[in-house]
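Residues per chain are reported as follows:
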Amino acid sequence: MQTKLTRVKRQLSAIALSIAASACGSDASRVVDLGQPPDASFFNPGNGSGGDGYGSGGQKPDGGALVDSGPPPCPEEWKICSEPFTYPVGSETSVELRGDFKSDGWTSGVAMTKAGSKWTTNVNIPYNKKVQYKFFTNGTTWTIDPAQPTITDATNNTNNVRDPVKCAAPTCEEPGAPAAGVYDWRDAVIYFVFVDRFNDGNSANNCNVSGVSSAFVNYAGGDWAGLKKKIDDSYFSDLGVNTLWITVPADNTDEKGKGVGQDSSYYSAFHGYWPKNLDPKNPESCFGTAADLKALVASAHSKNIKVLFDYAMVHLHKSAPVYSQNPTWFWSQYDGTRNCICGQDCDWNADGKRCWFTDYLPHWNYTNASARAYSVQNAIDWVTEYGIDGLRLDAIKHVDDQWLTDLRGKLTSDVVAKQTPQQRFYLVGETFSYTQSDIKYYVDPAAKLDGQFDFPERLSLVKSVLMRKSDMSELANFLDQNDGAYGANAVMSPFVGNHDLGRVIHMAEDASLWDEWSNNDKARAWSNQPAQPTAVSAYERLANAYAILFTNRGAPLLYYGDEVGLAGAGDPDNRRMMPWSGLSTNQTTLRDRVSALLKIRAAHPATRRGMRTTLSVTSATWLYKLSATGDELYVAINRGDAAATVAGLPNGNYAELLTNTTATGGSVAVPARQARVFVAK
Ligand SMILES: [Ca+2]
Ligand SMILES: [Ca+2]
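As the structure is a prediction and not an experimental result, all values here were calculated from the model.

Participant: What is the right way to look at the nonpolar core in this model?
Facilitator: Soluble globular proteins tend to bury their nonpolar side chains together. In terms of nonpolar packing, the biggest core is built from 158 residues, with Tyr-191, Phe-236, Leu-391, Leu-393 and Trp-403 touching the most fellow members. It is helix α11 (residues 536-549) that provides the largest number of residues to this core, a total of nine residues. Dropping the residues within four chain positions of it, Leu-391 is found in contact with Leu-308, Phe-309, Tyr-311, Ala-379, Val-383, Leu-407, Phe-425, Tyr-426, Leu-427 and Val-428. With 16 residues, the next largest nonpolar core counts Val-95, Tyr-133, Phe-135 and Val-165 among its residues.

Given below as structure tokens:
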């Protein structure tokens, strides 16, 4: 259970983190190449299980050759029958069909059409479902047709019934699919580039803020030219990433600033969350020029990589001209005699849409229509100036709802109307909460966000797979409930690591360095910072988390460096420079596994939008089937530290896609801390 205190703490640090960041500078020597061979069990299908690791693997099943029955049908849950209904014509003047074939079907029916001796209509009904119905005549009278089957309940109410509906030629209706030809964001794999910490492509633009508390909270030199170079070198294409989210590109203050709450350290604005000048034509000089940023976007698009900008619209830095010129556009720091700093005299929740995160960050007052219009237009200007594909909205719950609905409306009229369907703008938000309803509140692709980062899923994933604190069955049950929690049209972004949390590799160590709430992840952020783990087990567990993340729905997010299990405690230590050399074999093997998983994801739509069915689950193992139209595969996970026999794989011959081996159905052996992905041969 999460205590109230814990939640407050997490909210505080979530925001703080956006503003008070830091990292370990460009000290790439922190990442030590241990030069040791990988543990034999890492990605080795043979270790720990005996034989080839697949039970009866390699043998033909009884009966010899398999029959090619054509492409597999769509999942039964997607099948729809267009079911005809009739009612005999009498003296009535109108007939409505009412029933449980739709959510409001008992109050709002379907009008039937008179044709000869019958009233008729066709209604779409899920295949193999039971339907109860009645006829509503003349707008006044409930009746049944006694010639059709009936069912009478305990209160003596009788309905007509069809149980089950099974038509000969069902159609297939994939939930959440966009219209034909429109880009499906469920195909996206997002990578968060912390620009200052990614790659220094031009040392001439490097910045230095004097007086910060440590070199690792100063600018480290990363820039848009450096990121462009990695795009051009196909780093992301090779990894399997097709969407980049980059830190706020607006010009930030050159001043140092203290952290929020009890944090008295001084930081630079290397994180981008202290915007000063919002002019898109004059972006952050520490990251390059407007031309550099345009070149980056052009390079990305040439590689079919979409670009999301981080947009910070809760506050500006106090040195911003917009603030001094328009003081009424911002909430006063003082409310009468009250100092409205979040977490001090003002409450993070009750006053969350107006309190200042700290005393140098004026909070926009979007109840002021002029302020709102200015800010919304500014967001649009960034989008159109650079031709980007989406925005990531920082700390959205601290912004008035009207700002978000105004932005969505203006995006629709000013941006989407001018784009091709394949561009389809994506709006993803951050609400740091482990409560689904908090997050869901802002998810509505028509009027608000397309999706949000899925903090509850992350919690469940790290707890079951990395920390081994809860059973895999708990994870399976959670995901079953979570899949539809945000609506069929939402495209959520699940993840395991981000820039506000201690690096996830340390949760996967034999002894986790902090808990699933990330309590204590900041304890070693400034001193005694954790070294790059050396044991293979942490990397294998993280690979297992990725196996689940990348074979399930949503637009998964990878935080830079997490593909190599980069070390680091909480903010600011979770923003170390991306290591481009000196990686250990465990790190490169993990990165290869990420790439392999993302190639499987790209090749198999069932991973991106399929129906998941659990075939077996225990405390340590989980086998699930993924089905989409024309595509089926099976994923077996063993998060345990011993080899396990996983039951439930249907009989047949399979190719295993991660180790490029073969297997037969029934039960399969999966080595300790390994995942397997099977497709029928
Ligand atoms: Ca630079
Ligand atoms: Ca600046």
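Here the narrative resumes, following the displayed structure.
Participant: Hey, could you run me through the pattern of salt bridges in this one?
Facilitator: Pairing is possible between side chains of opposite charge, provided their charged atoms come close. Considering all chains together, one arrives at 33 salt bridges under this definition. A salt bridge links Asp-187 to Arg-608; its shortest N-O distance comes to 2.8 Å. Residue Asp-187 is located in the loop between β10 (171-172) and β11 (190-193), and its partner Arg-608 is located in helix α13 (residues 605-609); the two are separated by 421 residues in the primary sequence. Salt-bridge contacts for Arg-503 lead to Asp-562; the nearest nitrogen and oxygen are separated by 2.9 Å. Of the two residues, Arg-503 is situated in the loop between α10 (472-482) and α11 and Asp-562 in the loop between β23 (557-559) and α12 (585-603); the sequence distance between them amounts to 59 residues. Each member of the pair, Arg-503 as well as Asp-562, carries the same accessibility label: buried. Beyond isolated ion pairs, a larger network of salt bridges with shared partners links Glu-174, Asp-184, Arg-186, Asp-187, Arg-608 and Arg-609.

Participant: Hey, could you run me through the packing of helix α6 (residues 369-386) against helix α7 (residues 401-414) in this one?
Facilitator: The description of two helices packed together rests on the angle between their axes and the distance between the axes. For the pair α6 and α7, interaxial distance at closest approach is 10 Å and the crossing angle is 45°. As judged from the angle between their axes, α6 and α7 are oblique. Our pair here, α6 against α7, has a crossing hand that is right-handed. For the pair α6 and α7, contact is made by Arg-372, Ser-375, Val-376, Gln-377, Ala-379 and Ile-380 and by Gln-402, Trp-403, Asp-406, Leu-407, Lys-410, Leu-411 and Asp-414, respectively. A class-by-class count of the residues in the contact of α6 with α7 yields six nonpolar, three polar and four charged.

Participant: In this structure, what is going on with the coordination of the calcium ion (ligand 2)? I would like to understand it.
Facilitator: Six octahedrally arranged donors around a metal ideally form angles of 90 or 180 degrees; four tetrahedrally arranged donors ideally form angles of 109.5 degrees. Coordination of the calcium ion (ligand 2) by the protein is provided by Asp-251 (OD), Asn-252 (O), Asp-254 (OD), Glu-284 (OE) and Glu-284 (OE), with metal-donor distances spanning 2.3 to 3.2 Å. Sequence positions of the donors to the calcium ion (ligand 2) reduce to the motif D-N-x1-D-x29-E. Under the relative-accessibility criterion, Asp-251 is labelled buried at 17%.

Cut-offs applied
Residues numbered from 1 in each chain as written. Chains lettered and ligands numbered in written order. Predicted model: local features only at pLDDT ≥ 70, side-chain atom pairs only at ≥ 80, totals over all residues. Heavy atoms only, no water. Core = buried A, V, L, I, M, F, W, Y, C linked by side-chain atoms within 4.5 Å. Buried < 20%, exposed > 50% of the residue type's maximum accessible area, 1.4 Å probe, protein only. Helix = DSSP H or I, 4+ residues; strand = E, 2+ residues; numbered from the N terminus. Contact = heavy atoms within 4.5 Å. Salt bridge = Lys/Arg side-chain N within 4 Å of Asp/Glu carboxyl O. Axes fitted to C-alpha atoms, helices over the stretch in contact; angles between N-to-C directions. Parallel < 35°, antiparallel > 145°, perpendicular 65-115°, else oblique. Left-handed = near helix turned anticlockwise from the far one by under 90°. Nonpolar A, V, L, I, M, F, W, Y, C, P; charged D, E, K, R; others polar. Donors = N, O, S within 2.8 Å, 3.2 Å for Na, K, Ca; no water.

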